[in-house]
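# What the coordinates show
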Amino acid sequence: MRWTDRQRAMLLEMGIRLGPEPPGAEPVAVVAPPAAEPVAVPAAVRDGAAPAAQPPAAVAAPPPATAAPVAFVSTTRVAHMDWPELRATVAGCTACRLCQGRTQTVFGVGHLQADWMIVGEAPGEQEDRQGEPFVGKSGQLLGNMLRAIGLTREDAPATQQVYIANTLKCRPPGNRNPQPDELAQCEPYLIRQVALVQPKIILAMGSFAVQSLLRNTEPIGRLRGRVHDYHGVPLIVTYHPAYLLRRPEEKARAWDDLCLAVETARQAAK
């Protein structure tokens, strides 16, 4: 495909530049040298701002002011919850020790019938404070990545606005890796979110998102580059934005993953 000027600008913000386009040739993405960092912060991507209001038809009702604590997650019960009940249940969840140190739970954000669903790993410090996944520098990079392929986390139709959720709904202390029992307790919530959204494609970002959705512990490098299946939904594996900020040389591979996801979504829509 040929990229528009806007898409080229977004690729540069990701730290990726496109090589020259000979007539009839496809542009080739290459990594910008380290000196080209840091990642630009577009004004549309917030860090510390309140989440944007969702379209009335796509926003679940707010949870009750005082949600009843949930000491044990019943997979069967969760599997029948609607959006308001699921949100309230997550807000009051005490099923694992992570509830003891959280500021608030991080449920999810975006269009509730989005074609694209983004699944990350666990909330960090900023996510814990704001109650929204992928904020701060990781959120800025994710925003750039999405805009480069014509998607957004801002208000838009279901074909353009993504739905974003994390594997864990509470921040692990010190941003440590999630523990197996924590992932197991939170898993029914994520499964139900996917079932409610009914996305046409899932982008799993990071090892723990992949483990939860695919039950696979292989490294990301071995799983990316091909289309996986999640209960009939095509799933693409890629690196987490936080990893890309630490390893900018991997951004070209992440861009390849996004292009694969775009092509897969197009094929699925036919």
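Here is what the cut-offs are and how they apply
- Residues numbered from 1 in each chain as written.
- Predicted model: local features only at pLDDT ≥ 70, side-chain atom pairs only at ≥ 80, totals over all residues.
- Heavy atoms only, no water.
- 1 Å grid on protein atoms, 1.4 Å probe; cavity = no way out; pocket = protein on both sides within 12 Å on 5 of 7 lines; lining within 4 Å.
- Points joined across faces, edges and corners; volume = space filled by probe spheres on them.
- Helix = DSSP H or I, 4+ residues; strand = E, 2+ residues; numbered from the N terminus.
- Nonpolar A, V, L, I, M, F, W, Y, C, P; charged D, E, K, R; others polar.
- Salt bridge = Lys/Arg side-chain N within 4 Å of Asp/Glu carboxyl O.
- Buried < 20%, exposed > 50% of the residue type's maximum accessible area, 1.4 Å probe, protein only.
- Expected span 1.5 Å × (residues − 1).
- Bend = angle between axes of the 7 residues up to and from the residue.
- Axes fitted to C-alpha atoms, helices over the stretch in contact; angles between N-to-C directions.
- Parallel < 35°, antiparallel > 145°, perpendicular 65-115°, else oblique.
- Left-handed = near helix turned anticlockwise from the far one by under 90°.
- Contact = heavy atoms within 4.5 Å.
- Pairing = 2+ DSSP bridges.
- Polar contact = N/O pair within 3.5 Å; in protein donor to acceptor, adjacent residues only side chain to side chain.

### So, the layout of surface pockets
The computed volume of the largest pocket comes to approximately 630 Å³. Every residue lining the largest pocket is counted, 29 residues in all, and those nearest its centre are Glu-121, Ala-122, His-240, Ala-242 and Arg-246. Of all the secondary-structure elements, those providing two or more residues to the lining of the largest pocket are helix H4 (125-130), helix H5 (136-148), helix H7 (207-214) and helix H9 (241-246). Among the elements that take part in the lining of the largest pocket, H9 stands out by supplying 4 residues, more than any other. In the lining of the largest pocket, the residues fall into 12 nonpolar, 11 polar and 6 charged.

### Section: the pattern of salt bridges
Following the criterion strictly, the structure yields 12 salt bridges and no others. Here the residues in one salt-bridge network are Arg-97, Arg-176, Asp-181 and Glu-182, joined through shared partners.

### Describing unusual backbone geometry
Backbone geometry at Gln-198 places phi at a positive 55°, although glycine is not the residue there. With respect to the element layout, Gln-198 can be found in the loop between helix H6 (180-197) and strand S6 (201-205). Judged by relative accessible area, which is 63%, Gln-198 ranks as exposed. Phi at His-231 is positive, roughly 50°, even though this residue is not glycine. Residue placement: His-231 occurs in the loop between strand S7 (227-230) and strand S8 (233-238). Note on His-231: relative accessible area 72%, which makes it exposed.

### Quick word on H6
Its 18 residues give H6 an end-to-end C-alpha distance of 25 Å, which sits within 8% of 26 Å, the value for a rise of 1.5 Å per residue. Roughly 40° is the biggest bend found in H6, and it falls at Cys-186, with proline Pro-188 one to four residues downstream. Looking only at H6, the buried set comprises Glu-182, Leu-183, Cys-186, Glu-187, Pro-188, Tyr-189, Leu-190, Arg-192, Gln-193, Val-194, Leu-196 and Val-197. Just downstream of H6 lies Gln-198, where phi reads positive at about 55°.

### Considerations on the packing of helix H3 (residues 83-91) against H6
At a closest axis distance of 11 Å, the pairing of H3 and H6 adopts a crossing angle of 160°. The angle between the axes of H3 and H6 places the two elements in the roughly antiparallel class. As for how H3 packs across H6, the hand of that crossing is left-handed. When H3 is examined against H6, the residues Trp-83, Leu-86, Thr-89 and Val-90 are found in contact with a partner set consisting of Tyr-189, Arg-192, Gln-193, Leu-196 and Val-197. Classifying every residue of the contact of H3 with H6 by side-chain character gives 6 nonpolar, 2 polar and 1 charged.

### Some remarks on the pairing of S7
Only one face of S7 is covered, namely the one carrying His-228 and Tyr-230; the face carrying Val-227 and Asp-229 has none of its residues buried. Bridging between S7 and S8 involves 4 bridges; their strand directions are antiparallel. In the strand pairing of S8, Tyr-230 is matched with Val-233. In this structure, the hairpin formed by S7 and S8 is closed by a connection of 2 residues, where His-231 is found at a positive phi of approximately 50°.

### Things to note about H3
Listed in full, the buried residues belonging to H3 are Trp-83, Leu-86, Ala-88, Thr-89 and Val-90. For H3, the elements touching its buried residues are helix H2 (75-78), strand S5 (163-166) and H6. At the N-terminal end of H3, a side-chain oxygen is found 3.0 Å from the backbone nitrogen of Glu-85, two or three residues along, and the residue is Asp-82.

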